[in-house]
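Single-letter residue listing:
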Amino acid sequence: MSTLQTLSRGLQVLEIVSRSSTGLSIAEIAQVLGVHRAIAYRLVSTLEEHLLVVRDGEGRIGIGGGVVALSERYQPQLRAAAQPVLRSLAEASGGTAFLCIAQGDECVAIEVAEPETPFLKVSYRVGSRHPVTRGAAGLAIAMQRAPRRTDTEDLQAARRDGFALTHGQLQQGAIGVAAPLARTGRTGLSAEACIGVVALHALDTEQAASAVLQHRDRLLAALS
């Protein structure tokens, strides 16, 4: 097994473990990766040495504190790169532009920019949070997770379109458009994040969606 293949599989382990609420056994990890249990064991042991995964009393593998530390260090870089992009998006769309990340089953705004002359301000500020099941930002986060039979029609539509569009889900009269911070709809090991706009006036949703996707790609380029 080459070094690059080992690295790729190690990253895969982190990704699949991060998506399990109860942790995974070595056998389950091996099955998902399609490798022998001995290989899965070595991958987990290496990640464990770097505190990226931990084992509970039953031997199930969960995300370790090392990943949390990496995520906390990533946020300031993400916010700094997002600031000029959000300002541009706010001016291009006429709405309040935002950058949100997931914290469990909630979506949290970590950076916000308003246009120079907002028509009506939306009460969407840094620190605002809401469930990932509601609002354009929430749906854009949920898009990055594995599909479920309980997915709403709005979420299913967002997966098809590549962006989420909602009307009045978080605030009466508000229109929101958001896209995952990943062209493929999945962010790998990076924090689940999204970029979007929200407005309390007649928003040209087609134009807003185009602006959101263009600025999402601009932010991804800045982060690469």
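Here is a short report on the structure shown in this document. (Residues numbered from 1 in each chain as written. Predicted model: local features only at pLDDT ≥ 70, side-chain atom pairs only at ≥ 80, totals over all residues. Heavy atoms only, no water.)

Let us now look at the overall build of the chain. Of the regular secondary structure elements, the chain holds seven helices and eight strands. When the 224 residues of the chain are sorted by exposure, 45% land in the buried category. Taking all contacts inside the chain whose residues are at least 6 apart in sequence as the whole, residues at least 24 apart take part in 55%. Total accessible area computed for the chain in this model is approximately 11900 Å², and 51% of it derives from carbon and sulfur atoms. (Helix = DSSP H or I, 4+ residues; strand = E, 2+ residues; numbered from the N terminus. Buried < 20%, exposed > 50% of the residue type's maximum accessible area, 1.4 Å probe, protein only. Contact = heavy atoms within 4.5 Å. Areas by Shrake-Rupley, 256 points an atom, 1.4 Å probe, with all protein chains shown as cover.)

Turning our attention to helix 7 (residues 205-223). With 19 residues, helix 7 should reach 27 Å at 1.5 Å per residue; the first-to-last C-alpha distance of 26 Å fits that figure. Those residues of helix 7 lying buried are A208, A209, A211, V212, H215, R216, L219 and L220. With a side-chain oxygen lying 3.3 Å from the backbone nitrogen of E206, the N-terminal cap of helix 7 falls on D204. (Expected span 1.5 Å × (residues − 1). Polar contact = N/O pair within 3.5 Å; in protein donor to acceptor, adjacent residues only side chain to side chain.)

Moving on, we come to the pairing of strand 4 (residues 106-113). Counted residue by residue, strand 4 has six buried out of eight residues, so it is predominantly covered. Here strand 3 (residues 96-103) runs beside strand 4; their pairing, made up of seven bridges, is antiparallel. Bridge pairing in strand 4 links A102 to C107. As consecutive antiparallel partners, strand 3 and strand 4 are separated by two residues, and within that stretch G104 has a phi angle of approximately 65°, a positive value. Relative to strand 5 (residues 129-131), strand 4 is paired through three bridges, and the arrangement is antiparallel. The partner of C107 across the bridge, within strand 5, is H130. (Pairing = 2+ DSSP bridges.)

All right, on to the layout of surface pockets then. Here the second largest pocket defines a volume of roughly 250 Å³. Around the second largest pocket, the lining is made up of 13 residues, and of these T133, A142, R148, D151 and L155 lie nearest the centre. Residues that form the lining of the second largest pocket fall into these classes: five nonpolar, three polar and five charged. (1 Å grid on protein atoms, 1.4 Å probe; cavity = no way out; pocket = protein on both sides within 12 Å on 5 of 7 lines; lining within 4 Å. Points joined across faces, edges and corners; volume = space filled by probe spheres on them. Nonpolar A, V, L, I, M, F, W, Y, C, P; charged D, E, K, R; others polar.)

What follows concerns the sheet that holds strand 6 (residues 164-167). The antiparallel open sheet is built from six strands, whose spatial order is 5-4-3-8-7-6. Of all the strands in the sheet, the pair left with one neighbour each is strand 5 and strand 6. Pairwise comparison of adjacent strand axes, ignoring direction, gives a mean angle of 30° for this sheet. Contacts from helix 5 (residues 135-142) reach strand 3, strand 4, strand 5, strand 6, strand 7 (175-180) and strand 8 (193-199) within the one sheet, and its direction differs from that of strand 7 by about 20°. Helix-sheet contacts for helix 7 involve strand 3, strand 6, strand 7 and strand 8, and the interaxial angle to strand 7 is about 30°. (Axes fitted to C-alpha atoms, helices over the stretch in contact; angles between N-to-C directions.)

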